[in-house]
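# Structural overview
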Amino acid sequence: MIEEHLQKLLLQRREKFMIPASLVATVNVNNSLDHAFLVLTKDRYAKIIVVDNENHYRGQLSLAMITDRLLETEQINVNKLNELTVADVMQTNTPIIQDPFDVEENLRLMIDQSFLAVVDRQDQFCGIVTRRELLKAVSYTLHEFGKDYKVIPKK
């Protein structure tokens, strides 16, 4: 459990924790891989959120996943870009969260993720919490803690 005073400082930046869904690029499960490939490369994303027609979170997709699916024996079959959909390639077992302000849980999950998808109780995609923003909050806390608190070692 995070110490209460540290938690208080971490949450001072809470308004920056979640990037709302309206500002996050997504692709639809039914989009062609061709479309997803263009979105990923044009916007230079490593991974992108996948949603369905009702904006339910369905998974994530990366260029590496697409490339891996296009690989054939010794060459890449680019014709598959138009034949396959995002649903054929996406990763569905990614961690999701409902509370973007549960710093302890988010830090634990972000050890292996660059961002976490935030969903509501109906799995509607709400936004993302990025490792970058969470690390900014940690950095802020580490630098500001001594301004308000004095640490006295236990004996």
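Whatever comes next refers back to the structure up there.
A brief report on the enclosed structure follows. What you see is a predicted model, and the numbers here were worked out from it, not measured in a lab. (Residues numbered from 1 in each chain as written. Predicted model: local features only at pLDDT ≥ 70, side-chain atom pairs only at ≥ 80, totals over all residues. Heavy atoms only, no water.)

The next thing to look at is the pattern of salt bridges. Applying the stated rule across the entire model yields five salt bridges. Put simply, Glu105 and Arg108 hold a salt bridge, and the shortest N to O gap is 2.8 Å. With Glu105 and Arg108 both in helix α6 (residues 103–109), this residue pair falls three residues apart, about one helical turn. Note on Glu105: relative accessible area 29%, which makes it partly exposed. Between Lys136 and Glu133 there is a salt bridge whose closest N-O contact spans 3.2 Å. Here the residue Lys136 and the residue Glu133 both occupy positions in helix α7 (residues 131–148), the gap between them amounting to three residues, near one helical turn. Residues participating in the shared-partner salt-bridge network are Arg132, Glu133 and Lys136. (Salt bridge = Lys/Arg side-chain N within 4 Å of Asp/Glu carboxyl O. Helix = DSSP H or I, 4+ residues; strand = E, 2+ residues; numbered from the N terminus. Buried < 20%, exposed > 50% of the residue type's maximum accessible area, 1.4 Å probe, protein only.)

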